[in-house]
Amino acid sequence: MIGVTGASGSVYADRLLEILSEKIERVYLVASATGEKVAKHELHSDSLLLRALSGRLEKSEKSVIRVFAFDDLFAPCASGTSAPDAMVVTPCSMGTLSRIAAGNSGNLLERSADVVLKQRRKLLICPRETPLNLIHLRNMTSLVEAGAEMIPLMPGFYQHPKDINALIDFCVGKILEQLAISHELYKPWNSRMR
Ligand SMILES: Cc1cc2nc3c(=O)[nH]c(=O)nc-3n(C[C@H](O)[C@H](O)[C@H](O)COP(=O)(O)O)c2cc1C
């Protein structure tokens, strides 16, 4: 399951959605109200994420990507009986991060994250903010203590990225690795030694 919030970096969610929808059978998607607005501001209207959020998916895409409304607390992922195997909140705003850390489950995105944690499934939080204040850091600590994994959207440069897509893929690759999903978004570091 992918949760998209109103932090900058909707392009990471778009790319993750693209790759997961090719690699796994079913991807749930939910965006916060601000997440959707920021995505509209940052992405091309033909991006997979915006097509999904505005009900413009092809039939074949619809069979894999299931979009839920932010306020749909009747959705399956709102219940521990149907918890997703894993949830990635990307990009994750400091607002949503704080509410998940506090167990404040007022919408489907926060509730699903809460369910994933209580069912001891994988919750990957991909924060995007800089600089970080002590409140942000404390909330991140609480989440990691509760079992979440923190994957800050911080691209590295040691792979000599050729363009912005390579920087995006660097972060998305880090997410896929935590989900144990193989990818070819960049070469493993040890391939240099062969
Ligand atoms: C263009 C834009 C970019 C933003 N970027 C960030 C960001 O990178 N990180 C962040 O924590 N908040 C960012 N915000 C602020 C959040 O959108 C705001 O705190 C919002 O209430 C988050 O709501 P949500 O967590 O329900 O999505 C941004 C807002 C706008 C309009």
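Described below are features of the structure shown in this document. All figures in this text were calculated on a predicted structure; none of them were measured in a lab.

## Things to note about the packing of aromatic side chains
And then number 1: In total, this model carries 4 aromatic pairs according to the counting rule given.
And then number 2: Through successive ring pairs, a cluster of aromatic residues spans Tyr158, Phe170, Tyr186 and Trp189.

## What about the side chain of aspartate 14?
And then number 1: Take aspartate 14: it is sitting in helix 1 (residues 10-23).
And then number 2: Despite its burial, aspartate 14 remains without a salt bridge, the nearest opposite charge being carried by arginine 51 at 7.6 Å.
And then number 3: When near neighbours in sequence (up to four residues on either side) are disregarded, aspartate 14 contacts Leu43, Ser47, Leu48 and Leu49.

## Topic: the sheet that holds strand 3 (residues 65-68)
And then number 1: Overall, parallel pairing links the 6 strands, which are arranged 3-2-1-4-5-6 in an open sheet. Only two strands of the sheet have a single partner each, and these edge strands are strand 3 and strand 6 (149-150).
And then number 2: Relative to strand 2 (residues 27-31), strand 1 (residues 2-4) is paired through 3 bridges, and the arrangement is parallel. Opposite isoleucine 2, over in strand 2, you have leucine 29 as the bridge partner.

## Quick look at the nonpolar core
And then number 1: Counting 36 residues, the largest nonpolar core has Leu17, Leu29 and Leu49 as the members making the most contacts within it.
And then number 2: Excluding residues within four positions of it along the chain, leucine 49 makes contact with Val4, Ser10, Ala13, Asp14, Leu17, Leu29, Ala39 and Leu43.
And then number 3: Core analysis: the next-biggest nonpolar cluster, separate from the first, contains 23 residues, Val89, Leu109, Ala113 and Leu143 among them.

## Focus: the pairing of strand 2
Both faces of the sheet carry side chains from a regular strand, because those side chains alternate between them.
And then number 1: Taken across its 5 residues, strand 2 has 5 buried, putting it largely inside the fold.
And then number 2: With burial as the criterion, each face of strand 2 is covered, one bearing Val27, Leu29 and Ala31 and the other bearing Tyr28 and Val30.
And then number 3: Handedness of the strand 1-helix 1-strand 2 crossover: right-handed.
And then number 4: Pairing analysis gives 4 bridges linking strand 2 to strand 3, with the strands arranged parallel. Looking across to strand 3, one finds that valine 30 is bridged to phenylalanine 68.

## Quick look at unusual backbone geometry
And then number 1: Cis peptide bonds are those with omega within 30 degrees of zero, and the linkage from threonine 90 to proline 91 qualifies with -10 degrees.
And then number 2: Tracing the backbone through its elements, the reader meets proline 91 in strand 4 (residues 86-92).
And then number 3: Cis geometry marks the peptide bond from threonine 130 to proline 131; its omega dihedral reads -5 degrees.
And then number 4: Mapped onto the elements, proline 131 comes out in the loop between strand 5 (122-127) and helix 7 (134-145).
And then number 5: Of note in the backbone geometry, arginine 120 takes a positive phi value of approximately 60 degrees without being a glycine.
And then number 6: For arginine 120, the location among the structural elements is in the loop between helix 6 (108-118) and strand 5.

## Examining the layout of surface pockets
And then number 1: In this model, the largest pocket occupies a volume close to 310 Å³.
And then number 2: Forming the walls of the largest pocket are 14 residues, and the residues nearest its centre are Met1, Ile24, Arg26, Asp85 and Ala86.
And then number 3: For the lining of the largest pocket, the secondary structure elements donating two or more residues are strand 2 and strand 4.
And then number 4: Looking at the lining of the largest pocket, its residues break down into 11 nonpolar, no polar and 3 charged.

## Focus on the environment of leucine 20
And then number 1: Within the element layout of this structure, leucine 20 appears in helix 1.
And then number 2: Taking relative accessible area as the criterion, leucine 20 reaches 4% and is therefore assigned buried.
And then number 3: When the C-alpha atoms of leucine 20 and alanine 31 are compared, they prove to be 16 Å apart, with 11 residues separating the residues in sequence.
And then number 4: In this structure, leucine 20 is in contact with Ile2, Val27, Leu176, Leu179 and Ile181, ignoring residues within four places of it in sequence.

Each value, and the rule that gives it
Residues numbered from 1 in each chain as written. Predicted model: local features only at pLDDT ≥ 70, side-chain atom pairs only at ≥ 80, totals over all residues. Heavy atoms only, no water. Phe/Tyr/Trp six-rings, centres within 6.5 Å; stacked < 30°, edge-to-face > 60°. Helix = DSSP H or I, 4+ residues; strand = E, 2+ residues; numbered from the N terminus. Buried < 20%, exposed > 50% of the residue type's maximum accessible area, 1.4 Å probe, protein only. Lys, Arg positive; Asp, Glu negative; His and termini not counted. Salt bridge = Lys/Arg side-chain N within 4 Å of Asp/Glu carboxyl O. Contact = heavy atoms within 4.5 Å. Pairing = 2+ DSSP bridges. Core = buried A, V, L, I, M, F, W, Y, C linked by side-chain atoms within 4.5 Å. Right-handed = clockwise from strand over helix to strand, strands pointing away. 1 Å grid on protein atoms, 1.4 Å probe; cavity = no way out; pocket = protein on both sides within 12 Å on 5 of 7 lines; lining within 4 Å. Points joined across faces, edges and corners; volume = space filled by probe spheres on them. Nonpolar A, V, L, I, M, F, W, Y, C, P; charged D, E, K, R; others polar.

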